[in-house]
Amino acid sequence: MGGAVVDTGDSGVKAPDGGWGWAVLFGCFVITGFSYAFPKAVSVFFKELIREFGVGYSDTAWISSILLAMLYGSGPICSILVNRFGCRPVMMVGGLFASLGMILASFATNIIHIYICTGVITGLGLALNFQPSLIMLNRYFSEKRPLANGLAAAGSPVALCCLSPLGQVLQYKYGWRGGFLILGGILLNCCACGALMRPLIAPKTSEVDEKETKPKPKPKLLDFTVFRDRGFLIYTVAAAIMVLGLFVPPVFVVSYAKELGNEDTKSALLLTILGFIDIFARPTCGIIAGLKWVRPRCVYLFSFAMIFNGITDLIGSMAKDYPSLVVFCIFFGISYGMVGALQFEVLMAIVGTEKFSSAIGLVLLVEAFAVLVGPPGAGRLLDATNNYMFVFLLAGCEVVLSALVLAICNMLFIKRKPEQPDPPAKMEMAIIDTEMDELNKAPKNDQDNGGGENGKKQAVEQEAMTKSDDKRVEEPESIGTDSIEVETDSKNVTEPNGVVVEPESSL
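Reading guide: rules and limits
Residues numbered from 1 in each chain as written. Predicted model: local features only at pLDDT ≥ 70, side-chain atom pairs only at ≥ 80, totals over all residues. Heavy atoms only, no water. 1 Å grid on protein atoms, 1.4 Å probe; cavity = no way out; pocket = protein on both sides within 12 Å on 5 of 7 lines; lining within 4 Å. Points joined across faces, edges and corners; volume = space filled by probe spheres on them. Helix = DSSP H or I, 4+ residues; strand = E, 2+ residues; numbered from the N terminus. Nonpolar A, V, L, I, M, F, W, Y, C, P; charged D, E, K, R; others polar. Buried < 20%, exposed > 50% of the residue type's maximum accessible area, 1.4 Å probe, protein only. Arc of directions from axis to C-beta. Contact = heavy atoms within 4.5 Å. Expected span 1.5 Å × (residues − 1). Core = buried A, V, L, I, M, F, W, Y, C linked by side-chain atoms within 4.5 Å. Phe/Tyr/Trp six-rings, centres within 6.5 Å; stacked < 30°, edge-to-face > 60°. Lys NZ or Arg CZ within 6 Å of the ring centre and 35° of its normal. Polar contact = N/O pair within 3.5 Å; in protein donor to acceptor, adjacent residues only side chain to side chain. Salt bridge = Lys/Arg side-chain N within 4 Å of Asp/Glu carboxyl O.

## Describing empty space enclosed by the protein
Tallied over the entire structure, the rule returns one cavity of 30 Å³ or more. As for the largest cavity, its lining consists of 22 residues, and the residues nearest its centre are Tyr36, Arg282, Gly340, Gln343 and Phe344. With seven residues, the top contributor of residues to the lining of the largest cavity is helix H16 (residues 322–385). Counted by class, the lining of the largest cavity contains 14 nonpolar, five polar and three charged residues.

## Structural notes on the layout of surface pockets
For the largest pocket, the calculated volume is near 2100 Å³. Lining of the largest pocket is provided by 45 residues; of these, Lys40, Ser43, Phe46, Tyr57 and Val251 occupy positions nearest its centre. Going through the elements one at a time, helix H2 (21–41), helix H3 (46–53), helix H4 (57–73), helix H9 (155–186), helix H13 (248–259), helix H14 (264–289) and H16 are the ones with two or more residues in the lining of the largest pocket. For the lining of the largest pocket, a count of residues per class yields 27 nonpolar, 13 polar and five charged.

## Describing helix H5 (residues 75–85)
Since one α-helical turn is 3.6 residues long, residues separated by three or four positions face the same way. Among all positions of H5, only Gly75, Pro76, Cys78, Ser79, Val82 and Asn83 are buried. Along the long axis of H5, the arc covered by the buried residues comes to 160°, so they all point the same way. Here the buried face of H5 lies against H4, helix H6 (87–105), helix H7 (111–140) and H16. Just past H5, the residue Gly86 takes up positive phi, approximately 100°.

## Considering H6
The end-to-end C-alpha separation of H6 is 27 Å, in line with the 27 Å expected for 19 residues at 1.5 Å each. Cys87, Pro89, Val90, Met91, Gly94, Gly95, Ala98, Ser99, Gly101, Met102 and Ala105 are the residues of H6 that are buried. Turning to H6, the residues buried within the fold contact H2, H5, H7, H9 and helix H10 (189–195).

## Some words on the nonpolar core
Counting 122 residues, the largest nonpolar core has Phe38, Ile114, Phe302 and Leu347 as the members making the most contacts within it. Per element, the largest residue contribution to this core is 27 residues, and it comes from H16.

## A closer look at the packing of aromatic side chains
One pass over the full model with this rule turns up 16 aromatic pairs. Each member of the aromatic cluster is reached from another via a ring pair, and the members are Tyr256, Phe328, Phe332, Tyr336, Tyr388 and Phe392. One Lys or Arg, Lys266, reaches over the ring of Tyr322 and ends 4.6 Å from the middle of that ring.

## So, the environment of Gln131
In this fold, Gln131 is placed in helix H7. Setting aside anything within four residues of it in sequence, one finds Gln131 in contact with Gly75, Cys78, Ser79, Ser357, Ile360, Gly361 and Leu364. A distance of 3.4 Å separates a polar side-chain atom of Gln131 from the backbone oxygen of Gly75.

## Remarks on the pattern of salt bridges
Close approach of charged atoms allows side chains with opposite charge to pair. Per the stated rule, a full pass over the model turns up four salt bridges. A salt bridge links Arg51 to Glu48; its shortest N-O distance comes to 2.9 Å. Taken together, the residues Arg51 and Glu48, both in helix H3 and three residues apart, mark about one turn of the helix. Overall, the relative accessible area of 60% leaves Arg51 in the exposed class. Among the residues examined, Glu48 registers a relative accessible area of 25% and is labelled partly exposed. Of the charged contacts in the structure, one is a salt bridge between Arg145 and Glu345, with a shortest N-O distance of 3.1 Å. Of this pair, Arg145 sits in helix H8 (residues 145–153) while Glu345 sits in helix H16, and the two are 200 residues apart along the sequence. There is no split in this pair, since Arg145 and Glu345 are both buried.

Written out as structure tokens, the structure reads:
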């Protein structure tokens, strides 16, 4: 396809920061919502699946885990496909995979079929949409990119507020099989969002320019040179540590509220409060990150957001009643939204547009292992201690540690290159050297031509002409002209009859 050529990330086209970019932003908003909210929305059907197949809750929980693992772990595959075929075709195929997985899962006869269809196939389809949408957003926005990332990230809480109630309604009216079938049809909208990802096309040049331009080298399918960037390494390590504890509180806060003796509906309201605050926190943080004096220090704003989130977890571990959990969810929603709005903006700022397609795939692969370890590890800690306080303390310590790693390592290892001493002086010296070389060459040429002193005068005149008109006048070696002949010829340039005659010395 034609888009594959432009999707190399180095098309030479300036980001429009608007125009069709707003349509790309809308598509990215929808895709982000499906990618992050769908694994949580599927959990609505777990009770029906337990009753249907006679399995336990831990067995059904693997559905969401496999979905998230595919979303993160297939990052390098997405990078290779995007660099090979472009963003639009990859997203179109991904939308078909996401829908096909849910449709096939509606005919499942055991829980293994759900793992394969919903977990693997649908998870792969969502991954093929999520990563390319972020890549296209990065190409369409430059000055307004922090705001665009914040608005796109807001799709996650919006979709969660919509898909969870929709799943409950579908389960009540059509059962889990009918609900899976309808959700599969809804996921076909990923194909429509993929169609919005129109590649940027470079302006046409003249035929002469096209002939002179050299063919560009083919882009690497997966660029591992990003690991040479210290900033990327620091970000990857910090993000892996952060993911260990970032998703733990939303998973356990409802169970924590029930443990304190609150009703199911009242406990579930905590996630609604968290999501509502998250909706407004992400665009607001995007606006703040786009300010002139904040954007160059976006890494430290991201570190502040993680410290804010970690401290919220540490304080929330001491909650003993429902109002304190409500306050915890409000502050956690603010900090969680800040982290969600900044995590990919910081990565884009570190690696740039050209290497972002490979960088995000490798980062998501590293985070996939942390996603599989974090919540299950917190669950084992809960089983061992039977106390939610230790779970929130562990999550808070992990997030705070990631913030310290990111901030301190950037201060110590990422420094500006020292300025070279007095570069204008070096340029002047270089110019003087070249002029001296030309002056030294001129007498040698005159000696070869037998000009003597007249040759030296001619060299001085020739040097003055080169400085005034920037054009070098070259004379044939076979002709030697002295100053007397030049004067006589210049006087006889114009004849009395008005006819202009070229002097012979001008030959």
